[in-house]
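# Structure at a glance
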Amino acid sequence: MMLYLSSLYVAVTLALVPSSIDALKDGDCEVCVSFLGRFYQSLKDNDVKFSSAEIEKAFIKTCKDAKGKENRLCYYIGATSDAATKIVNEVSKPLSHHVPVVKICEKLKKKDSQICELKYEKELDLSTVELKTLKVKELKKILEHWDETCKGCVEKNDFIRKIEELMPKYAPNAAKARTEF
């Protein structure tokens, strides 16, 4: 009987001690932590009532404007209209109790590991990058990031010309630095 109780004690203790295996490593869940962190801050800034329903409604609204990897995160969580699964409550309920976003992302990782595989693409330093060395795909991404298209662009030089034309509007500091060369 004593052996049984001590075994039970060890089992309960191990269950209650947070596992370092579950903890996120530095850089894990980059998109999840960043996006949910900004979302949580926007809830506080806009004095949203911290109820699960209100948070879920605000999250779905925020996801409508999300682009790129953040839109993919919303899809995995089920906050987009075309999502196959719906685990939005795994975000809204913990946020209503002010659970840290890192802990929410850890829990989401257990539900769907793809959530933590999302990473932001590295930003190009437009003030120093030589546009001629970039691939057309990368040039298109710059324009896409600016919500611009290059109609009639066929050659690489067409895309470069369009980026240089729009750079003062979208990246004025980079445009100024480039003219100082």
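Within an unreviewed UniProt entry, the label attached to the protein chain reads Mesencephalic astrocyte-derived neurotrophic factor, and the organism entered is Clupea harengus. The UniProt entry for the protein chain carries this comment under Subcellular location (unreviewed entry): "Secreted".

Attention shifts here to the packing of helix H2 (residues 30-45) against helix H3 (residues 52-64). In helix packing, the relevant descriptors are the interaxial angle and the interaxial distance, both defined with respect to the helix axes. Running from N to C, H2 and H3 point in directions that differ by 120°, and their axes come no closer than 11 Å. Judged by the angle between their axes, H2 and H3 are oblique. As for the relative orientation of H2 and H3, their crossing is right-handed in sense. Contacts between H2 and H3 involve Phe35, Leu36, Phe39 and Leu43 from the former and Ile55, Ala58, Phe59, Thr62 and Cys63 from the latter.

In total, this model carries four disulfides according to the counting rule given. Each disulfide pairs two cysteine sulfurs, and for Cys32 the partner residue is Cys105, the sulfurs being separated by 2.0 Å. Residues Cys32 and Cys105 share a disulfide whose torsion about the S-S bond is about -95°; that sign makes it left-handed. Of the two residues, Cys32 sits in helix H2 while Cys105 sits in helix H6 (residues 101-111), which places them 73 residues apart along the sequence. The exposure class assigned to Cys105 is buried, which follows from its relative accessible area of 0%. Residue pairing for Cys150: its cysteine sulfur links by disulfide to Cys153, the two sulfurs lying 1.4 Å apart. Across this residue pair, the class does not change: Cys150 and Cys153 are buried. Along the protein chain, the cysteines engaged in disulfide bonds are linked according to the scheme 1-6, 2-5, 3-4, 7-8 when indexed in sequence order.

Moving on to the UniProt feature "domain: EF-hand" (unreviewed entry) in the protein chain. Per the UniProt annotation, the sites labelled "domain: EF-hand" (unreviewed entry) are residues 134-169. Structurally, residues 134-169 is divided into 67% helix and 0% strand, and its ends, taken at the C-alpha atoms, are 21 Å apart.

Take helix H10 (residues 172-179) next. Structural remark: α-helix, 3.6 residues per turn; residues separated by three or four positions point the same way. Listed as buried for H10 are Ala174, Ala175 and Arg178. Along the long axis of H10, the arc covered by the buried residues comes to 100°, so they all point the same way. Opposite its buried face, H10 presents the exposed residues Asn173 and Lys176, each directed more than 90 degrees away. Elements that come into contact with the buried residues of H10 comprise helix H9 (156-170).

The tally for this structure, following the rule as stated, stands at eleven salt bridges. Residue Glu90 pairs with Lys111 through a salt bridge whose shortest N-O separation is 3.7 Å. Of this pair, Glu90 sits in helix H5 (residues 89-96) while Lys111 sits in helix H6, and the two are 21 residues apart along the sequence. Judged by relative accessible area, Glu90 falls into the buried class, the value being 16%. Salt-bridge contacts for Lys141 lead to Glu121; the nearest nitrogen and oxygen are separated by 3.1 Å. Within this pair, whereas Lys141 is found in helix H8 (residues 136-145), its partner Glu121 is found in the loop between helix H7 (114-117) and H8, the two being separated by 20 residues in sequence.

Glancing now at the confidence of the model for the protein chain. Across the protein chain, the average pLDDT comes to 86, with 86% of residues at or above 70. In this model residues 8-21 is a low-confidence stretch, pLDDT under 50, and it forms zero contacts with partners more than four residues away in sequence or in other chains.

So, on to the nonpolar core. Among the nonpolar cores identified, the biggest contains 28 residues, and Leu36, Phe59, Ile77, Leu95 and Leu108 are the most heavily contacted of them. Counting only elements with at least two residues in this core, the list comes to H2, H3, helix H4 (68-77), H5, H6 and H7. A per-element tally of this core places H2 first, with seven residues. Contact partners of Leu36, with chain neighbours within four places excluded, come to Val31, Phe59, Val91, Val101, Ile104, Cys105 and Leu108. One finds Leu131, Ile160, Ala171 and Ala175 within the second-largest nonpolar core, a separate group that totals 18 residues.

Calculation rules
- Residues numbered from 1 in each chain as written.
- Predicted model: local features only at pLDDT ≥ 70, side-chain atom pairs only at ≥ 80, totals over all residues.
- Heavy atoms only, no water.
- UniProt positions renumbered as here; feature names shortened; annotations may be inferred.
- Axes fitted to C-alpha atoms, helices over the stretch in contact; angles between N-to-C directions.
- Helix = DSSP H or I, 4+ residues; strand = E, 2+ residues; numbered from the N terminus.
- Parallel < 35°, antiparallel > 145°, perpendicular 65-115°, else oblique.
- Left-handed = near helix turned anticlockwise from the far one by under 90°.
- Contact = heavy atoms within 4.5 Å.
- Disulfide = S-S within 2.5 Å.
- Buried < 20%, exposed > 50% of the residue type's maximum accessible area, 1.4 Å probe, protein only.
- Arc of directions from axis to C-beta.
- Salt bridge = Lys/Arg side-chain N within 4 Å of Asp/Glu carboxyl O.
- pLDDT = per-residue confidence, 0-100.
- Core = buried A, V, L, I, M, F, W, Y, C linked by side-chain atoms within 4.5 Å.

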